[in-house]
Amino acid sequence: MQYLLALAGNQNSGKTTLFNRLTGSNQHVGNFPGVTVEKKEGFVKNHKEAVLVDLPGIYSLSPYTSEEVVTRDFILEEGPRVIINIIDATNIERNLYLTLQLMELQIPMVIALNMMDEVRASGGSINVAELSKRLGMPVIPISAAKNEGITELIDVVIQRAESPRELPRLDFCHGEVHKAIHSIAHIIEDQAQRAGYPLRFAATKMVEGDGPTMEALHLTENQRDIIGHVTSEMEEMLGTDREAALADMRYSYIEGLCADCVKKHRETNEQIRSERIDRVLTHRVFAIPIFFGMMLLIFWLTFDVIGGRLQGLLEGLIDRGAGLLGEALAAADVSAWMRSLLLDGVCAGVGSVLSFLPLIVLLFFFLSLLEDSGYMARVAFVMDKLLRRLGLSGRSFVPMLIGFGCSVPAIMSTRTLSSDRDRKMTILLTPFMSCSAKLPIYGMITAAFFPRHGGLVMISLYLLGILTAVLSALLLKGTAFKGKPVPFVMELPAYRVPSPKSVGLHMWEKAKDFLKKAFTIIFLASIVIWFLQSFDWHFNLVSDSSQSILAGLGSLIAPVFAPLGFSDWRASTALITGITAKETVVSTLTVLTGASGDAQLSMALAQIFTPLTAISFLTFTILYMPCIAALAATRRELKSTRGAVLTALFQTGAAYVMAALVYQVGRFFV
């Protein structure tokens with residue numbers, strides 16, 4: 001029989017690292033809030049009966065954010081046999097706040113006291129035995145990053161799961177809060193039992209005025225009035241509001257507990273180092289220029305110095321492989337149409353995209369270093385002031401940052417935003433951040449028209465996407481999204497040396513996703529495009545693709561793009577196929593032009609575009625609606641097909657306007 005275990009804790013407490021240690025799963029470890037959006041599952045090592053669920057990082061069980069809702073609903077509805085509560089030992093006071101709330105759920109718990117190596121290095125200590133005694137549960141000191149204490153933790157968790165025992169009832173409330181909680185407990189006891197809610201947890205939530213819990217208990221109007229009177233009386237006696245009263249009660253207990261169990265000599269080495277680095281990287285004047293300087297360096301190394309050379313080597317291998325395949329097909333006397341399908345369709349389409357694999361892997365190597373070091377959390381903090389002028393909080397920067405990798409997880413990560421207004425606005429703006437799927441398009445155009453200025457063109461395109469997001473935000477905050485952004489609170493994790501395993505896994509995930517897309521979506525799209533451009537409406541093979549089915553369909557759409565400077569049916573067709581996956585823009589143009597190599601493709605593109613229209617084409621490509629997968633994610637997060645369609649139309653409209661401006665203004669300078 002399998003049973004569930006739940007892993008819960010604050011953000012940046014090392015939770016995902018511990019999950020990887022406990023399960024051996026290959027999961028990316030992030031070092032900024034919002035990386036764990038949905039629960040993840042895995043079997044505990046050597047214990048296939050124990051299924052561990054990694055819940056989103058949260059600070060409380062109050063349903064203010066989607067993360068808190070996911071965690072709370074899972075624990076209440078699924079009833080895990082044991083909760084593993086991971087605590088950052090270097091910041092134990094704050095972490096224990098969630099612990100006290102989890103204890104109210106009356107589910108067996110084991111505390112994993114993480115980062116104990118940093119506590120020892122700073123000269124501090126924690127009386128683990130006394131802490132365990134006071135809390136009434138096992139407390140295991142560990143270092144997830146260094147794999148210390150993991151075996152002992154697994155043994156204790158499995159033992160506690162397989163040998164249930166009566167849970168201690170720790171009552172840490174006092175005074176007026178104590179009176180209010182216990183008075184309400186008597187009122188709702190029957191309803192809490194019927195709903196399957198722990199009585200203490202339900203009573204505390206009534207004091208908070210928690211709407212979902214009130215609905216779940218089906219309270220009568222009379223009960224609601226009595227509860228309202230009890231809480232109002234408590235607030236009046238304490239001279240504070242209900243939430244502050246509960247927070248004061250919990251922190252009062254935590255302070256006494258830490259005074260007896262925790263001994264701190266000084267800040268940890270990581271904290272001291274982080275403070276010194278932050279004096280520069282979060283400087284009120286130099287922070288943003290430093291960030292853009294880092295990104296410019298990354299793009300230069302990726303597209304010019306290192307990535308460009310690796311791409312050239314891979315292109316040579318792909319061309320050589322296609323040549324050998326062509327010779328083999330000719331020697332086997334394979335029919336002309338089959339050779340054309342395999343060489344001009346599959347090899348040209350898939351091969352043209354595969355050659356950009358080094359660029360994508362290298363870019364995410366650098367971004368992973370910044371992310372896992374803790375720097376990206378600082379960037380969100382620094383960007384808060386700027387984003388507030390646009391009607392967003394700094395927390396919206398995290399999904400936008402993820403959007404530079406892929407729009408799908410970026411849109412999903414907006415669940416971490418507590419404000420519905422901020423969440424919808426961020427979903428709308430995030431696809432303007434240039435995702436990695438567009439890199440092959442940029443590489444193709446820059447190689448053909450701007451080979452000596454690849455890095456500069458790349459950074460310009462990324463800045464253009466950011467500029468469009470800024471202008472759109474200014475427009476939307478005064479129209480469709482009136483209101484103010486929610487206050488921004490983000491914990492800045494200590495700077496840490498990125499784990500080679502974590503960085504390697506991140507790179508492998510991106511390479512795997514890219515290869516999977518290349519040999520599925522792009523493979524099928526290349527075959528379809530080859531067929532449509534090789535046959536006419538009577539299904540006769542054509543020698544001139546301008547007489548093909550695809551030419552007929554593309555010609556109907558082409559006039560729409562005339563104000564943007566490119567009215568060739570091949571360009572418009574590539575944009576349409578790009579809705580399935582942005583990489584197919586490259587494979588489509590490669591198949592339609594019949595190019596068999598970079599040199600031929602560059603010459604073929606010169607017949608379709610001029611340098612100015614190529615820039616206009618890139619402008620539209622970076623901004624128009626994302627792929628079908630991202631559109632589906634938008635619909636899922638907005639819970640509205642209409643909302644997803646309107647979002648796509650807005651993004652495509654913005655792309656059209658910006659591309660038209662680029663072309664029409666550019667004509668005066670050419």
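Throughout, a residue's number is its position along its own chain's written sequence, starting from 1. Only residues with pLDDT of 70 or above have their local features reported here, since the model is predicted, and side-chain atom pairs are shown and tallied only from 80 upward, although totals for entire chains, interfaces and linings are computed over all residues. With hydrogens and water excluded, all non-hydrogen atoms of the structure serve as input to the side-chain values.

Colleague: Account for the overall build of the protein, naming residues and giving values.
Modeller: Strands here mean DSSP runs of E at least two residues long; helices mean DSSP runs of H or I at least four residues long; both are numbered from the N terminus. When you go through the protein residue by residue, the secondary structure sums to 31 helices and 8 strands. Computed over C-alpha atoms, the radius of gyration of the protein comes to 29 Å, within 12% of the 26 Å expected from 2.2 N^0.38 for 670 residues, which places it in the range of a compact globule. Along the longest, intermediate and shortest principal axes, the C-alpha atoms of the protein span 85 × 50 × 50 Å. Contacts are assigned to residue pairs with any non-hydrogen atoms lying within 4.5 Å of each other. Considering only intrachain contacts with a sequence separation of at least 6, the fraction spanning at least 24 residues in the protein is 74%. Just so you have it, the protein exposes about 29100 Å², and 61% of that area is on carbon and sulfur atoms. Note on charges: Lys and Arg go in the positive column, Asp and Glu in the negative column, and His and the chain ends are not counted at all. In plain terms, the charge of a residue is placed at NZ if it is Lys, CZ if Arg, CG if Asp and CD if Glu. Distance between charge centres in the protein, computed from 60 positive and 61 negative side chains, equals 4 Å. Note on method: radius of gyration uses C-alpha positions; expected globular size equals 2.2 Å times residues raised to 0.38. Here, Shrake-Rupley sampling with a 1.4 Å probe gives the accessible areas, and only protein chains in the shown set may cover a residue.

Colleague: Let's hear about the environment of Ala-332: which residues, and what values?
Modeller: Its location among the elements puts Ala-332 in the loop between α14 (307–331) and α15 (336–354). Only protein chains enter the calculation, and the probe is 1.4 Å; a residue is then buried if its accessible area is under 20% of its type maximum, exposed if over 50%, and partly exposed in between. For Ala-332, a relative accessible area of 53% puts it in the exposed group. Considered as a pair, Ala-332 and Ala-480 are 148 residues apart in the sequence and their alpha carbons are 63 Å apart.

Colleague: An account of the packing of helix α22 (residues 454–477) against helix α29 (residues 611–623) is needed here, citing residue identities and associated values.
Modeller: Between N-to-C directions, angles cover 0 to 180 degrees, with each direction set by a line fitted to C-alpha atoms, over the stretch in contact for helices. One way to put it is that α22 packs onto α29 with a least axis distance of 10 Å and a crossing angle of 55°. When the axes of α22 and α29 are compared, the pair comes out oblique. As α22 runs across α29, the sense of the crossing is right-handed. Contacts between α22 and α29 involve Leu-461, Tyr-462, Leu-464, Gly-465 and Thr-468 from the first element and Leu-618, Thr-619, Ile-622 and Leu-623 from the second. Residues that form the contact of α22 with α29 fall into these classes: 6 nonpolar, 3 polar and no charged. Roughly parallel covers angles under 35 degrees, roughly antiparallel covers those over 145, roughly perpendicular covers 65 to 115, and oblique covers all other angles. For any pair of crossing helices, the crossing counts as left-handed if the nearer helix is rotated counterclockwise from the farther one by less than a right angle, and right-handed if it is rotated clockwise. Any residue that is not Ala, Val, Leu, Ile, Met, Phe, Trp, Tyr, Cys, Pro, Asp, Glu, Lys or Arg is counted as polar, Gly included; the first ten are nonpolar and the last four charged.

Colleague: Could you give me a rundown of the packing of aromatic side chains, with the residues and numbers involved?
Modeller: The rule is short: rings of Phe, Tyr and Trp, with Trp giving its six-membered ring, pair when the centres are within 6.5 Å, and they are stacked under 30 degrees, edge-to-face over 60, tilted in between. Enumeration according to the criterion identifies 15 aromatic pairs in this entry. Taking the centre distance of 6.3 Å and the plane angle of 50° together, the rings of Phe-449 and Phe-450 count as tilted. Ring geometry for Phe-531 versus Phe-535: centroids 4.8 Å apart, planes at 35°, classification tilted. Clustering of aromatic rings is evident, with ring pairs tying together Phe-561, Phe-566, Phe-609, Phe-617, Phe-620 and Tyr-624. We call a charge positioned over a ring when the NZ of a Lys or the CZ of an Arg lies within 6 Å of the ring centre and within 35 degrees of the ring normal. Residue placement shows Arg-378 over the ring face of Tyr-495; its charged tip is 4.0 Å from the ring centre. In this arrangement the basic side chain of Lys-582 is found over the ring face of Tyr-624, its NZ or CZ atom lying 4.4 Å from the centre.

Colleague: Kindly report on the pairing of strand β1 (residues 3–9), identifying the contributing residues and their values.
Modeller: Counting buried positions over the 7 residues of β1 gives 6, a clear majority of the element. Pairing between β1 and strand β3 (residues 47–54): 5 bridges, direction parallel. For Leu-4, the partnering residue across the bridge sits in β3 and is Val-51. Following DSSP output, two strands are said to pair if at least two bridges run between them. Alignment of β1 against strand β4 (residues 82–88), held across 5 bridges, turns out to be parallel. Each residue of the ladder has a partner; that of Ala-6, found in β4, is Ile-83.

Colleague: Would you mind going over the pairing of strand β2 (residues 40–44) in detail, with residue names and values included?
Modeller: Note: β2 against β3, 5 bridges, orientation antiparallel. If you follow Gly-42 over to β3, its bridge partner there is Leu-52.

Colleague: How would you sum up helix α7 (residues 175–195)? Please name residues and give values.
Modeller: Think of an α-helix as 3.6 residues a turn; residues three or four steps apart then line up on the same face. Between the first and last C-alpha of α7 there are 28 Å, a value that for 21 residues agrees with the 30 Å anticipated at 1.5 Å per step. Two axes define the bend at a residue: one fitted to the seven residues ending there, one fitted to the seven starting there, and the bend is the angle between them. At Ile-188, α7 shows its largest bend, some 65°. Considered for burial, the residues of α7 that qualify are Glu-176, Val-177, Ala-180, Ile-181, Ile-184, Ala-185, Ile-188, Gln-191 and Ala-192. The inward-facing, buried residues of α7 abut α8 (199–208), α9 (211–217), α10 (221–238) and α11 (242–261). One or two residues past the end of α7 sits Gly-196, with phi positive at roughly 75°. Helix span, as expected, comes to 1.5 Å for every residue beyond the first.

Colleague: Summarise the packing of helix α30 (residues 628–638) against helix α31 (residues 641–666); cite the residues concerned and give the values.
Modeller: Relative orientation of the contacting elements α30 and α31 amounts to 135°, with a least axis distance of 8 Å. Put simply, α30 runs oblique to α31. The interaxial crossing formed by α30 with α31 has right-handed handedness. Seen from α30, the contacting residues are Leu-631, Thr-634, Arg-635 and Leu-638; seen from α31, they are Thr-641, Gly-643, Ala-644, Thr-647 and Ala-648.

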